[in-house]
Amino acid sequence: MSDVIFELRDLRKTYNLGQVNQVDVLAKANLKLKAGEVVALVAPSGAGKSTLLHIAGLLDTPDDGDVLLNGEILNLKNDERRTTVRRHDIGFIYQFHHLLPEFTAAENVILPQMADGVSRSKAYGRAAMLLSKVGLAERANHRPTELSGGEQQRVAFCRALANSPSLLLADEPTGNLDQATSHQVFDNLLSIVRETGLSALIATHNPVIAERMDRVISLNEGTISQD
Ligand code: ADP
């Protein structure tokens, strides 16, 4: 299918705990994401969501199987190519914002762009545009400690989108926020993802949030089940 932009093919991952204990976290896990598709990953704690997202984001390698982005098999590529793809094509959002405390909101969104060779003025322009889309134009010069939890996470979205990735991966992006804030922040995330036509895989425990995505998948005994 030509409109599939991201694919996980027959992924396997086993952790060895001591000499006899093995955990088969992924056992032939398969997933295809189409361009612009937003998918919720809902599964109990320990089911393997973080393992799956780390492999999908090229932060870890599978024991077997392939990770394809835009038709390129990436898991077997060298570190340099994987780092380039991670920097250009994949945006990450974690449960905790992980913003750099000594930098302002704008600078946190500028830095990944400058690491990618973008000029300071162009990077600043894009940071200002992204921050205004999430309602933080007035907070651009604030440091993370001067922002609320929801605002910090919005800045983290902007940072994830700074280099115009084609895939967004998020691990419980609103899991650290109270219910009302998490819905507001998720609204922001969803509208910016829709507007940019990104594909996204978003792990969440929140069934109301999951229902708002295009489809919901789960992880069960190492395989991905589709709704
Ligand atoms: P989730 O994100 O769904 O909570 P994880 O992917 O973090 O699940 O973990 C899945 C399973 O793999 C758990 O049983 C966990 O204990 C185990 N696991 C995760 N990482 C490691 C590791 N580095 N070494 C050994 N076991 C691990």
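Keep in mind that this is a model prediction, so the values were computed, not measured.

A. Spotlight on helix 1 (residues 49-56). The buried fraction of helix 1 amounts to 6 of the 8 residues, a majority that puts the element mostly inside the structure. For helix 1, the complete set of buried residues consists of Lys 49, Thr 51, Leu 52, Leu 53, Ile 55 and Ala 56. Immediately beyond the C-terminal end of helix 1, within one or two residues, lies Leu 58, with a positive phi of roughly 65 degrees.

B. Representation of the sheet that holds strand 10 (residues 223-226) within the structure. Strand order in this open sheet of 6 strands is 6-7-8-3-9-10, and the pairing throughout is mixed. With one partner strand each, in any of the chains shown, strand 6 (90-93) and strand 10 form the two edges of the open sheet. Across the sheet, the mean angle from the axis of one strand to that of its neighbour is 20 degrees, orientation sign disregarded. Direction of pairing for strand 7 (residues 167-171) relative to strand 8 (residues 199-203): parallel, over a ladder of 5 bridges. Its bridge partner being in strand 8, Leu 168 is matched across the sheet by Ala 200. Against the sheet, helix 2 (residues 79-89) contacts strand 6 and strand 7, and its axis sits at roughly 70 degrees relative to strand 6.

C. Broad picture of the pattern of salt bridges. By the definition in use, this model includes 10 salt bridges. One salt bridge in this structure joins Glu 7 and Arg 9, with 3.1 Å as the shortest N-O distance. The class of Glu 7 is buried, set by a relative accessible area of 14%. Across the salt bridge formed by Lys 28 and Asp 10, the nearest N and O atoms sit 3.9 Å from each other.

D. Main features of the site of the ligand. In the vicinity of the ligand, the contacting residues are Tyr 15, Leu 17, Val 25, Pro 44, Ser 45, Gly 46, Ala 47, Gly 48, Lys 49, Ser 50 and Thr 51. The contact in question runs from an oxygen atom of the ligand to an N or O atom on the backbone of Gly 46, over 2.7 Å. Between an oxygen atom of the ligand and a side-chain N or O atom of Ser 50, the distance comes to 2.8 Å. Protein coverage of the free-state accessible area of the ligand, which is 570 Å², stands at 61%. The element that contributes the greatest number of residues to the shell around the ligand is helix 1, accounting for 3 residues.

E. Quick peek at the sheet that holds strand 4 (residues 64-69). On the basis of which strands lie adjacent, the open sheet formed by 4 strands has the order 2-1-4-5 and antiparallel pairing. In the strand order of this sheet, the two ends are held by strand 2 (21-34) and strand 5 (72-73), each with one partner. Where strand 1 (residues 4-17) and strand 4 come together, 5 bridges link them in antiparallel fashion. Bridging across to strand 4, Glu 7 finds its partner in Leu 68.

F. Looking closely at the environment of Leu 11. Mapped onto the elements of the fold, Leu 11 is located in strand 1. By relative accessible area, which is 0% here, Leu 11 ends up buried. Taking the C-alpha atoms as reference points, Leu 11 and Ala 127, 116 residues apart in sequence, are found 36 Å from one another. Excluding residues that lie within four positions of it along the chain, Leu 11 makes contacts with Leu 26, Ala 27, Lys 28, Ala 29, Leu 52, Ile 55, Pro 62, Asp 64, Gly 65, Asp 66 and Val 67.

Calculation notes
- Residues numbered from 1 in each chain as written.
- Predicted model: local features only at pLDDT ≥ 70, side-chain atom pairs only at ≥ 80, totals over all residues.
- Heavy atoms only, no water.
- Buried < 20%, exposed > 50% of the residue type's maximum accessible area, 1.4 Å probe, protein only.
- Helix = DSSP H or I, 4+ residues; strand = E, 2+ residues; numbered from the N terminus.
- Pairing = 2+ DSSP bridges.
- Axes fitted to C-alpha atoms, helices over the stretch in contact; angles between N-to-C directions.
- Contact = heavy atoms within 4.5 Å.
- Salt bridge = Lys/Arg side-chain N within 4 Å of Asp/Glu carboxyl O.
- Near = heavy atom within 4 Å.
- Polar contact = N/O pair within 3.5 Å; in protein donor to acceptor, adjacent residues only side chain to side chain.
- Areas by Shrake-Rupley, 256 points an atom, 1.4 Å probe, with all protein chains shown as cover.

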